[in-house]
Amino acid sequence: MASHIPTGSLRPHTTGGSTFPVFLSSADEAMQFRNRVQGLVQKSLNSQLSFRAWLQTFPVWRWEEMAATTVPAGGSANDLFVQKARESSVTIVLLRDRLRPGTKDELMAVKDDPEVELKVLWFPRRRLRFAPETEVQRFLFGPDAKNIFHEKLARPNSEDAWQTLAANLIDVLLMALRSDGRRPYVSRV
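This structure is a prediction, so every number in the text was calculated from the model and none was measured.

Undergrad: Account for empty space enclosed by the protein, with residues named and values stated.
TA: Rolled over the atoms, a probe sized like a water molecule indicates the empty space that remains. Applying the stated rule across the entire model yields 1 cavity of 30 Å³ or more. Considered as a void within the structure, the largest cavity measures approximately 70 Å³ in volume. Surrounding the largest cavity, Ser25, Ser26, Ala27, Trp63, Val93, Leu94, Leu95, Arg98, Leu99, Arg100, Thr103 and Glu106 form its lining. By residue class, the composition of the lining of the largest cavity is 6 nonpolar, 3 polar and 3 charged.

Rendered as C-alpha cells:
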C-alpha cells in the first residue's frame, strides 16, 4: 500500500468521497442473509446518515441483479464479478454450505487484489457431529483459501450473528469516514 493512502480506509466510488458502494454476493441458499445485510445497510447506515445530513451513502449492488444482463461481450461472469468488486468500496460475500465453482473462482480472483476490500461471512448450517465437511468448509480451511479471511456466524438468528453483522458494517462505516485523501474509482470532472 502506498503511504499516501489513509490506513484502514475505503476507496470512494466517485469524486467528492461520499458514495461507497457495497457489492453484495451470495448463493441463493443465503438469500435471507443477503436481504438482512442489505436491510441493515439501508436502514441502519443510509437512513441514519441521511437523517443526520451526512453526505456519505452506501448503495448496495446485488450481484444477482446485475450478472444476468451486463456481462460484457466476450467476457465471463467471473470477469464482471472482479470488475464490480474493484469498482465497489467493499465486497461482502455471504456463504452457507455449498460453493459453486464460479463463486470459488470469483473469490480466488479477488483475494489478493489490493483494490478490493473483501469481507467473507459464513453462515454454516447446524451439522451432526460426524457429518462430512461442507464444500464451503473444505474451501475455507483448504490451501486455496490462504489470505481469504472470513467470519463464521454460528446460529444465523443468534445475538452473536447480529453483533458480527453489525460490527462488520460499523467497520465499513468507520473506514469510509477515514477516506479523505483516497482517490475515487470514478473521477468526475
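Undergrad: How would you explain the packing of helix 3 (residues 77-87) against helix 4 (residues 101-110) if you had to name every residue and give the values?
TA: Axis separation between helix 3 and helix 4 bottoms out at 9 Å; the angle between their running directions is 40 degrees. Considering the angle they form, helix 3 stands oblique to helix 4. Seen along the crossing, helix 3 lies across helix 4 with a hand that is right-handed. On the side of helix 3, the interface is formed by Ala77, Asn78, Phe81, Val82 and Ala85, while helix 4 contributes Asp105, Glu106, Ala109 and Val110. Partitioning the contact of helix 3 with helix 4 into residue classes produces 6 nonpolar, 1 polar and 2 charged.

Undergrad: So what about the pairing of strand 3 (residues 90-95)? Which residues, and what values?
TA: The buried count for strand 3 comes to 6 of 6 residues, which makes it a mostly enclosed element. Residues of strand 3 alternate between two faces, with Val90, Ile92 and Leu94 on one and Thr91, Val93 and Leu95 on the opposite face, all of them buried. In the sheet, strand 1 (residues 22-26) pairs with strand 3 via 5 bridges, with the strands oriented parallel. Looking at the pairing, Ser26 lines up with Leu94 of strand 3. Relative to strand 4 (residues 118-122), strand 3 is paired through 5 bridges, and the arrangement is parallel. Residue pairing for strand 4: Leu95 is matched across the bridge by Trp122.

Undergrad: Describe in detail the packing of aromatic side chains, supporting the description with residues and values.
TA: According to the stated counting rule, one finds 6 aromatic pairs in the structure shown. Consider the rings of Phe23 and Trp63, whose centres lie 5.7 Å apart with planes at 85 degrees: the pair is edge-to-face. One end of the pair, Phe23, is in strand 1; the other, Trp63, is in helix 2 (residues 63-67), and 40 residues separate them in sequence. For the pair shown, Phe23 and Trp63 are each scored as buried. An aromatic cluster of three or more residues is present, and its members are Phe23, Trp63 and Phe81.

Undergrad: With reference to specific residues and values, describe the packing of helix 1 (residues 31-51) against helix 6 (residues 159-177).
TA: The geometry of a pair of packed helices is captured by two quantities: the angle between their axes and the separation between those axes. With their axes 11 Å apart at the nearest point, helix 1 and helix 6 run at an angle of 45 degrees to one another. As judged from the angle between their axes, helix 1 and helix 6 are oblique. Between helix 1 and helix 6 the crossing geometry is right-handed. For the pair helix 1 and helix 6, contact is made by Arg36, Val37, Leu40, Val41, Leu45 and Leu49 and by Trp162, Leu165, Leu169 and Leu173, respectively. When its residues are assigned to classes, the contact of helix 1 with helix 6 shows 9 nonpolar, no polar and 1 charged.

Undergrad: Which residues make up the environment of Trp162, and what are the values?
TA: For Trp162, the position within the fold is in helix 6. Since its relative accessible area comes to 37%, Trp162 is described here as partly exposed. Distance in space between the C-alpha atoms of Trp162 and Arg36 is 9.6 Å, their sequence separation being 126 residues. Setting aside its immediate chain neighbours within four residues, Trp162 contacts Arg36, Leu40 and Asn157.

Undergrad: I'd like a rundown of helix 6, residues and numbers included.
TA: Helix length check: helix 6 (19 residues) gives 27 Å between terminal C-alpha atoms against 27 Å at 1.5 Å per residue, within 8%. Along helix 6, the positions that sit buried rather than exposed are Ala161, Thr164, Leu165, Asn168, Leu169, Val172, Leu173, Met175 and Ala176. Buried residues in helix 6 make contact with helix 1, strand 3, strand 4 and strand 5 (150-152).

Undergrad: An account of the sheet that holds strand 2 (residues 60-62) is requested, with residue identities and associated values reported.
TA: A sheet is described by the order of its strands in space; here 5 strands give the open sequence 2-1-3-4-5, paired in parallel fashion. Every other strand in the sheet has two partners, leaving strand 2 and strand 5 as the edge strands with one partner each. Ignoring which end each strand starts from, the neighbouring axes of this sheet average 20 degrees apart. Across 3 bridges, strand 1 lies against strand 2 in parallel orientation.

What counts and what doesn't
- Residues numbered from 1 in each chain as written.
- Predicted model: local features only at pLDDT ≥ 70, side-chain atom pairs only at ≥ 80, totals over all residues.
- Heavy atoms only, no water.
- 1 Å grid on protein atoms, 1.4 Å probe; cavity = no way out; pocket = protein on both sides within 12 Å on 5 of 7 lines; lining within 4 Å.
- Points joined across faces, edges and corners; volume = space filled by probe spheres on them.
- Nonpolar A, V, L, I, M, F, W, Y, C, P; charged D, E, K, R; others polar.
- Axes fitted to C-alpha atoms, helices over the stretch in contact; angles between N-to-C directions.
- Helix = DSSP H or I, 4+ residues; strand = E, 2+ residues; numbered from the N terminus.
- Parallel < 35°, antiparallel > 145°, perpendicular 65-115°, else oblique.
- Left-handed = near helix turned anticlockwise from the far one by under 90°.
- Contact = heavy atoms within 4.5 Å.
- Buried < 20%, exposed > 50% of the residue type's maximum accessible area, 1.4 Å probe, protein only.
- Pairing = 2+ DSSP bridges.
- Phe/Tyr/Trp six-rings, centres within 6.5 Å; stacked < 30°, edge-to-face > 60°.
- Expected span 1.5 Å × (residues − 1).

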